[in-house]
Amino acid sequence: MSQLKSARWSKWTVLMATFGWIFLIAANYLQIPLYRQIWLFSWLVNTFGWVWACLWTFTAVISYLSVQTYARAAIALIIAITLGAVIWRVDWRTTFIDSTLRLHQGSFAELAAAYREGRPLAPPWWMKYLSVDGEVQAQNHGLYLPIYVDEWRSEIGSGLAYFPSRPSNDFLIQTAEGDVGRPIRDLGNGWWWVE
């Protein structure tokens, strides 16, 4: 009976560890929307994910060791270390922005077309989770979507910009009240990451 309880407990700990790692991946991937909604506590969400994943993984490894299933304990530990290293090394900001652009190609193409044709810009509702204020800024040489702005002084900014023609290396666009940025990375279809 005790062996059966230990086996069930081991399965439960693995399940909780798995949920912890899934939560951690989601929290890292969604760090921009989380920051937009609960900026003061977004770091707590990420910390909670790390504690949850690591604590339940540790518990799973110990429970496997207690029933002398050493191979399962080693596999769980190797998987956890690998997942932790991958999560730690991934540039989640870039991953989120690139995947958002791919997922919402139609919406970004619509904004670009409205800018080129001089029509009013109507950003979709979900853009408030990506942009600082949910709005896009039509500037002289392009369309700018602010993603990061210095919260205290608004002097530093970075975000997405659309340029109808390929910008040169010395091209500048206003990213915040006291800051201008350069196109850094081509994201395709005229959209660039600007810092």
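Residues numbered from 1 in each chain as written. Predicted model: local features only at pLDDT ≥ 70, side-chain atom pairs only at ≥ 80, totals over all residues. Heavy atoms only, no water.

Enquirer: Is there a simple way to explain helix H5 (residues 92-103) in this structure?
Expert: Each full turn of the α-helix corresponds to 3.6 residues, which orients residues three or four apart in the same direction. When the terminal C-alpha atoms of H5 are compared, their 16 Å separation across twelve residues agrees well with the 16 Å that a helix rising 1.5 Å per residue should span. Among the residues of H5, Trp 92, Thr 94, Phe 96, Ile 97, Asp 98, Ser 99, Thr 100 and Leu 101 are the ones counted as buried. (Helix = DSSP H or I, 4+ residues; strand = E, 2+ residues; numbered from the N terminus. Expected span 1.5 Å × (residues − 1). Buried < 20%, exposed > 50% of the residue type's maximum accessible area, 1.4 Å probe, protein only.)

Enquirer: Mind showing me how you'd approach the pattern of salt bridges here?
Expert: Under the definition given, this model contains four salt bridges. Close ionic contact of Glu 117 with Arg 119 constitutes a salt bridge, the shortest N to O distance being 2.7 Å. The exposure class of Arg 119 is partly exposed, given its relative accessible area of 41%. (Salt bridge = Lys/Arg side-chain N within 4 Å of Asp/Glu carboxyl O.)

Enquirer: Is there a simple way to think about the nonpolar core in this case?
Expert: When a protein is soluble and globular, its nonpolar side chains tend to lie buried together. If you look at the biggest cluster of nonpolar residues, it comprises 20 residues, and the most contacted ones within it are Ile 97, Phe 108, Leu 130, Leu 160 and Trp 191. Elements that contribute at least two residues to this core include exactly H5, helix H6 (105-117), strand E2 (143-149), strand E3 (157-162) and strand E7 (191-194). The element contributing the most residues to this core is H6, with four residues. Here Phe 108 is in contact with Thr 100, Leu 101, Trp 126, Met 127, Leu 130, Leu 145, Leu 160 and Trp 191, once residues within four sequence places are set aside. (Core = buried A, V, L, I, M, F, W, Y, C linked by side-chain atoms within 4.5 Å. Contact = heavy atoms within 4.5 Å.)

Enquirer: Which parts of the structure should I look at to understand the pairing of strand E6 (residues 183-188)?
Expert: A regular strand carries its side chains on alternate faces of the sheet. Two elements, E6 and E7, share four bridges in a ladder whose sense is antiparallel. Note that in E7 the partner of Pro 183 across the bridge is Val 194. Taking the residues between adjacent antiparallel strands as the criterion, E6 and E7 are bridged by two residues, where Asn 189 takes a positive phi near 60 degrees. (Pairing = 2+ DSSP bridges.)

Enquirer: Sorry, what's going on with the packing of aromatic side chains here?
Expert: Each pair of aromatic rings is reported with the distance of its centres and the angle of its planes. Throughout the structure, instances matching the rule amount to twelve aromatic pairs. On the numbers, 5.2 Å between centres and 70 degrees between planes, the contact of Tyr 29 with Phe 96 is edge-to-face. Of the two residues, Tyr 29 is situated in helix H1 (residues 2-29) and Phe 96 in helix H5; the sequence distance between them amounts to 67 residues. (Phe/Tyr/Trp six-rings, centres within 6.5 Å; stacked < 30°, edge-to-face > 60°.)

Enquirer: Would you mind showing me how to read the environment of Ile 184 here?
Expert: Counting through the fold element by element, Ile 184 comes out in strand E6. C-alpha of Ile 184 to C-alpha of Asn 169: the two residues are 15 residues apart in sequence and 8.6 Å apart in space. When near neighbours in sequence (up to four residues on either side) are disregarded, Ile 184 contacts Trp 192, Trp 193, Val 194 and Glu 195.

Enquirer: What is the right way to read a nonpolar patch on the surface from this model?
Expert: A contiguous nonpolar surface patch, about 510 Å² in accessible area, is contributed by Trp 9, Trp 12, Leu 15, Phe 19 and Ile 22. Relative to the helices and strands, Trp 12 is located in helix H1. (Patch = residues over 30% accessible without salt bridge, like charges linked within 9 Å, V, L, I, M, F, W, Y side chains within 5 Å. Areas by Shrake-Rupley, 256 points an atom, 1.4 Å probe, with all protein chains shown as cover.)

Enquirer: Looking at this structure, I do not really get helix H3 (residues 42-66). What am I missing?
Expert: Its 25 residues give H3 an end-to-end C-alpha distance of 36 Å, which sits within 8% of 36 Å, the value for a rise of 1.5 Å per residue. Those residues of H3 not exposed but buried are Ser 42, Gly 49, Trp 50, Trp 52, Ala 53, Thr 57, Ala 60, Val 61, Ser 63 and Tyr 64. Immediately beyond the C-terminal end of H3, within one or two residues, lies Gln 68, with a positive phi of roughly 60 degrees.

Enquirer: Looking at this model, I keep getting lost on the sheet that holds E7. Mind explaining?
Expert: Strands in a sheet are paired, the pairing made by backbone hydrogen bonds, and the direction either parallel or antiparallel. Spatial ordering of the open sheet is given by E1-E2-E3-E7-E6, a layout of five strands whose pairing is antiparallel. Both edges of this open sheet fall to strand E1 (137-138) and E6, since each of them pairs with a single strand only. On top of the sheet, H5 reaches E2, E3, E6 and E7; it is set at about 40 degrees to E6, its chief contact. (Axes fitted to C-alpha atoms, helices over the stretch in contact; angles between N-to-C directions.)

Enquirer: Would you take a moment to explain unusual backbone geometry for this structure?
Expert: Non-glycine residue Gln 68 carries a positive phi angle of around 60 degrees. One can find Gln 68 in the loop between H3 and helix H4 (70-89). The backbone phi angle of Asn 189 is positive, close to 60 degrees, even though this residue is not glycine. Along the chain, Asn 189 turns up in the loop between E6 and E7. Assessed through its relative accessible area of 64%, Asn 189 is described here as exposed.

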